[in-house]
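# Commentary on secondary and tertiary structure
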Amino acid sequence: MKTLVQEESIKIPAGVKIDIKSKKVEVSGKHGKLSRDFKHLPIELYKSGKQVRAKMYFAKSKQLSMLRTVCSHISNLFEGVEKKFQYK
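Quick caveat: nothing in here was measured; it's all calculated off a predicted structure.

Next up on the list: the pairing of strand 6 (residues 51-59). Two strands pair when backbone bridges link them, and strand 1 (residues 3-11) and strand 6 are joined in this way by eight bridges, in the antiparallel orientation. By the bridge assignment, Glu8 is partnered in strand 6 with Ala54. One ladder, built from five bridges, connects strand 5 (residues 44-48) with strand 6; its direction is antiparallel. Along strand 6, the bridge assignment pairs Lys47 with Val52. If you look at the hairpin formed by strand 5 and strand 6, you'll find two residues sitting between the two strands, and Gly49 has a positive phi there, around 70°.

In structure tokens, the structure reads:
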């Protein structure tokens, strides 16, 4: 069965700037700038106030799983520009 509309939201942390243009997300913070491209997914990304919202229309249950995955990727981008990490 298809779901008409499913929406997830992520709170934008303080000190982090985000730009969303045609499913390309760019996050900048005190430790640099990261970007991620979600053009291959049938979702709608937009910023509303202090939140990033991801919306999907007419999706089945397997397709809805990618909605939460996109939100996890964006929260990992937030974490990456807030905390400094170095591979050893």
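From this point, the narrative continues.
A separate point is the nonpolar core. Nonpolar side chains in soluble globular proteins tend to be buried together. If you look at the biggest cluster of nonpolar residues, it comprises 23 residues, and the most contacted ones within it are Ile18, Val25, Val27, Leu45, Ile74 and Phe78. If you list the elements that add at least two residues to this core, you get strand 3 (24-29), strand 6 and helix 1 (61-82).

This part is about a nonpolar patch on the surface. A cluster of nonpolar side chains, contributed by Leu4, Val5, Tyr57 and Phe58, occupies part of the molecular surface with about 420 Å² of accessible area. Put simply, the parts of the chain that give the nonpolar patch at least two residues each are strand 1 and strand 6. By secondary structure assignment, the location of Val5 is in strand 1. A relative accessible area of 43% places Val5 in the partly exposed class.

So, how was this worked out
- Residues numbered from 1 in each chain as written.
- Predicted model: local features only at pLDDT ≥ 70, side-chain atom pairs only at ≥ 80, totals over all residues.
- Heavy atoms only, no water.
- Pairing = 2+ DSSP bridges.
- Helix = DSSP H or I, 4+ residues; strand = E, 2+ residues; numbered from the N terminus.
- Core = buried A, V, L, I, M, F, W, Y, C linked by side-chain atoms within 4.5 Å.
- Buried < 20%, exposed > 50% of the residue type's maximum accessible area, 1.4 Å probe, protein only.
- Patch = residues over 30% accessible without salt bridge, like charges linked within 9 Å, V, L, I, M, F, W, Y side chains within 5 Å.
- Areas by Shrake-Rupley, 256 points an atom, 1.4 Å probe, with all protein chains shown as cover.
- Salt bridge = Lys/Arg side-chain N within 4 Å of Asp/Glu carboxyl O.

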